[in-house]
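# Topology and contacts: notes
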Amino acid sequence: MGILRRLEMSQFLGALTLVVRDYDEAKAWYTEILGFEAIEDVDMGGGKRWLMVAPPGARETRLLLAQAAGAEQASAIGRQAGGRVFLFLHTDDFWRDYQLYRSRGVRFCEEPRREAYGTVAVFEDLYGNHWDLLQPGAASS
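Because the structure is predicted, anything quoted here is derived from the model rather than measured.

## Focus on the overall build of the chain
- Looking only at helices and strands, the chain features four helices and nine strands.
- In the chain, the order of α-helices and β-strands from amino to carboxyl end is α-β-α-β-β-β-α-β-α-β-β-β-β.
- Projected onto its principal axes, the C-alpha coordinates of the chain cover approximately 55 × 50 × 30 Å.
- A fraction of 53% describes how many contacts in the chain between residues 6 or more apart in sequence connect residues 24 or more apart.
- In the structure as shown, the chain presents an accessible area of about 8700 Å², 50% of it carried by carbon and sulfur atoms.
- Between the mean site of the 16 positive side-chain charges and the mean site of the 20 negative ones, the chain shows a separation of 3 Å.

Laid out in structure tokens, this is it:
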């Protein structure tokens with residue numbers, strides 16, 4: 001019964017929290033530099049907002065931009081994965097997005113490379129979190 005029930009389930013990650021220094025600064029960077037869409041921006045009172053952004057065309061997973069509350073949360077800004085790649089931004093055209101992001105001042109930490117899983121390059125967001133820009137599939141030039 002348990003296995004059958006599990007096979008019938010449908011789940012996905014709806015959102016990931018990204019701790020940021022300032023709501024407006026983060027919203028501007030993700031929408032103007034990366035071209036994400038602001039999905040929701042609701043004032044929750046007390047200085048909190050429910051601020052969701054997502055890449056264009058994203059149907060499931062979104063980023064909840066959460067302004068740090070206190071020193072402990074602030075210390076995680078830019079290091080949410082301890083210096084490792086934290087988020088993986090899949091694209092249908094690596095070279096289009098790579099050139100666009102570079103023209104908008106995005107800092108890439110390496111040159112693009114081909115891997116068995118696709119074409120990839122690591123970049124930093126405005127806080128220093130590492131992201132993979134990744135076109136999955138056969139690595140192509």
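## Brief notes about a nonpolar patch on the surface
- A cluster of nonpolar residues, V42, M44 and W50, forms a patch on the protein surface that exposes about 280 Å² of accessible area.
- Its place among the elements puts V42 in strand β2 (residues 37–45).

## A few points about the pattern of salt bridges
- On inspection of all chains with the given rule, the structure shows nine salt bridges.
- D24 is the salt-bridge partner of R49, the closest N and O atoms lying 2.9 Å from each other. Here R49 is found in strand β3 (residues 48–54), whereas its partner D24 is found in helix α2 (residues 23–33), with 25 residues between them in sequence.
- A relative accessible area of 49% places D24 in the partly exposed class.
- A salt bridge links R107 to E124, with the nearest nitrogen and oxygen atoms 3.4 Å apart. Linking R107 in strand β6 (residues 107–108) with E124 in strand β8 (residues 118–124), this pair joins segments that are 17 residues apart in sequence.
- What you see here is one network of salt bridges that share partners, running through D24, K27, D41 and R49.

## Remarks on the UniProt feature "domain: VOC" (unreviewed entry) in the chain
- Here the UniProt-annotated "domain: VOC" (unreviewed entry) positions come out as residues 12–136.
- End C-alpha to end C-alpha, residues 12–136 measures 19 Å, and it is 20% helix and 42% strand.

Cut-offs used in this document
Residues numbered from 1 in each chain as written. Predicted model: local features only at pLDDT ≥ 70, side-chain atom pairs only at ≥ 80, totals over all residues. Heavy atoms only, no water. Helix = DSSP H or I, 4+ residues; strand = E, 2+ residues; numbered from the N terminus. Contact = heavy atoms within 4.5 Å. Areas by Shrake-Rupley, 256 points an atom, 1.4 Å probe, with all protein chains shown as cover. Lys, Arg positive; Asp, Glu negative; His and termini not counted. Charge placed at Lys NZ, Arg CZ, Asp CG, Glu CD. Patch = residues over 30% accessible without salt bridge, like charges linked within 9 Å, V, L, I, M, F, W, Y side chains within 5 Å. Salt bridge = Lys/Arg side-chain N within 4 Å of Asp/Glu carboxyl O. Buried < 20%, exposed > 50% of the residue type's maximum accessible area, 1.4 Å probe, protein only. UniProt positions renumbered as here; feature names shortened; annotations may be inferred.

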